[in-house]
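# Examining the three-dimensional arrangement
Letter by letter, the chains look like this.
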Amino acid sequence: MSIAKIEVLGKIVASGLVAVIRAENPDQAARIAEACSLAGVGALEITFTVPEANRVIERLAKQFFSQILLGAGTVLDPETAHIAILAGAQFVVSSAPSPESARLCNRYPIPTCPALEQFAK
């Protein structure tokens, strides 16, 4: 069961931190996520630069159900957004935001936002 967009955004703000996880392989990404969770991080973003990122998200969504917010990053198209959402992502971050991806996320309803590097330019 998904939580409302506003609740997800509120939890991200309340946590004060989103740990962005980039790793060379799925196991390394999962270990980093587990360490972040043990350290009290309330929101994690698994980037789609991680091989099999959707499987990592799916595994973590089952393991940490309702304990942490789990997002997908480096989402470049609506197909990847769809894969991430079906895997259990509760928010989507894109370094190349598109209207199509935003519409897809809105359909579910999953919050989506541009990556912070978009604002650093």
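Residues numbered from 1 in each chain as written. Predicted model: local features only at pLDDT ≥ 70, side-chain atom pairs only at ≥ 80, totals over all residues. Heavy atoms only, no water.

### Re the pattern of salt bridges
According to the stated counting rule, one finds four salt bridges in the structure shown. We note a salt bridge from Glu34 to Arg59, for which the minimum N-O separation is 3.4 Å. Here Glu34, found in helix H2 (residues 26-38), pairs with Arg59, found in helix H3 (residues 53-63); they are 25 residues apart in sequence, far enough to count as distant. Here Glu34 falls in the partly exposed class, since its relative accessible area comes to 22%. Each of Asp27, Glu34 and Arg59 takes part in a single network of salt bridges with overlapping partners. (Salt bridge = Lys/Arg side-chain N within 4 Å of Asp/Glu carboxyl O. Helix = DSSP H or I, 4+ residues; strand = E, 2+ residues; numbered from the N terminus. Buried < 20%, exposed > 50% of the residue type's maximum accessible area, 1.4 Å probe, protein only.)

### Details of helix H4 (residues 78-87)
Among the residues making up H4, those that are buried are Pro78, Thr80, Ala81, Ala84, Ile85 and Ala87. The residue sitting at the N-terminus of H4 and contributing the capping side-chain oxygen is Asp77; that oxygen lies 3.2 Å from the backbone nitrogen of Glu79. The positive-phi residue at the C-terminal boundary of H4 is Gly88, with phi of around 125°. (Polar contact = N/O pair within 3.5 Å; in protein donor to acceptor, adjacent residues only side chain to side chain.)

### Some words on the packing of H2 against H3
Here H2 crosses H3 at 30°, and the two axes come no closer than 10 Å. Between H2 and H3, the angle falls in the class roughly parallel. Pair H2 / H3 crosses with right-handed handedness. Residues Pro26, Asp27, Ala29, Ala30, Ala33 and Glu34 of H2 lie in contact with H3, whose contacting residues are Val56, Arg59, Leu60 and Gln63. Across the contact of H2 with H3, the residue classes tally to six nonpolar, one polar and three charged. (Axes fitted to C-alpha atoms, helices over the stretch in contact; angles between N-to-C directions. Parallel < 35°, antiparallel > 145°, perpendicular 65-115°, else oblique. Left-handed = near helix turned anticlockwise from the far one by under 90°. Contact = heavy atoms within 4.5 Å. Nonpolar A, V, L, I, M, F, W, Y, C, P; charged D, E, K, R; others polar.)

### So, the sheet that holds strand E3 (residues 69-73)
The sheet built from five strands is open, its strands ordered E1-E2-E3-E4-E5 with parallel pairing. The open sheet has two free edges, formed respectively by strand E1 (19-21) and strand E5 (112-114), since each of these has just one partner strand. Taking each pair of neighbouring strands and ignoring which way they run, the sheet shows an average axis angle of 25°. One ladder, built from five bridges, connects strand E2 (residues 43-47) with E3; its direction is parallel. Each residue of the ladder has a partner; that of Glu45, found in E3, is Gly71. Packing against the sheet, helix H1 (residues 5-15) makes contact with E2, E3 and strand E4 (91-94), and its axis sits at approximately 95° to E3. Seen against the sheet, H2 touches E1 and E2 and runs at an angle of roughly 165° to E1. (Pairing = 2+ DSSP bridges.)

### Some points on the pairing of E2
With five of five residues buried, E2 is to be regarded as a mostly interior element. Burial along E2 is two-sided: Ala43, Glu45 and Thr47 facing one way and Leu44 and Ile46 facing the other are all buried. Between the parallel pair E1 and E2, the chain is carried across by H2, and the sense of this crossover is right-handed. In this region the chain leaves E2, passes through H3 and returns to the parallel neighbour E3; the handedness of that crossover is right-handed. (Right-handed = clockwise from strand over helix to strand, strands pointing away.)

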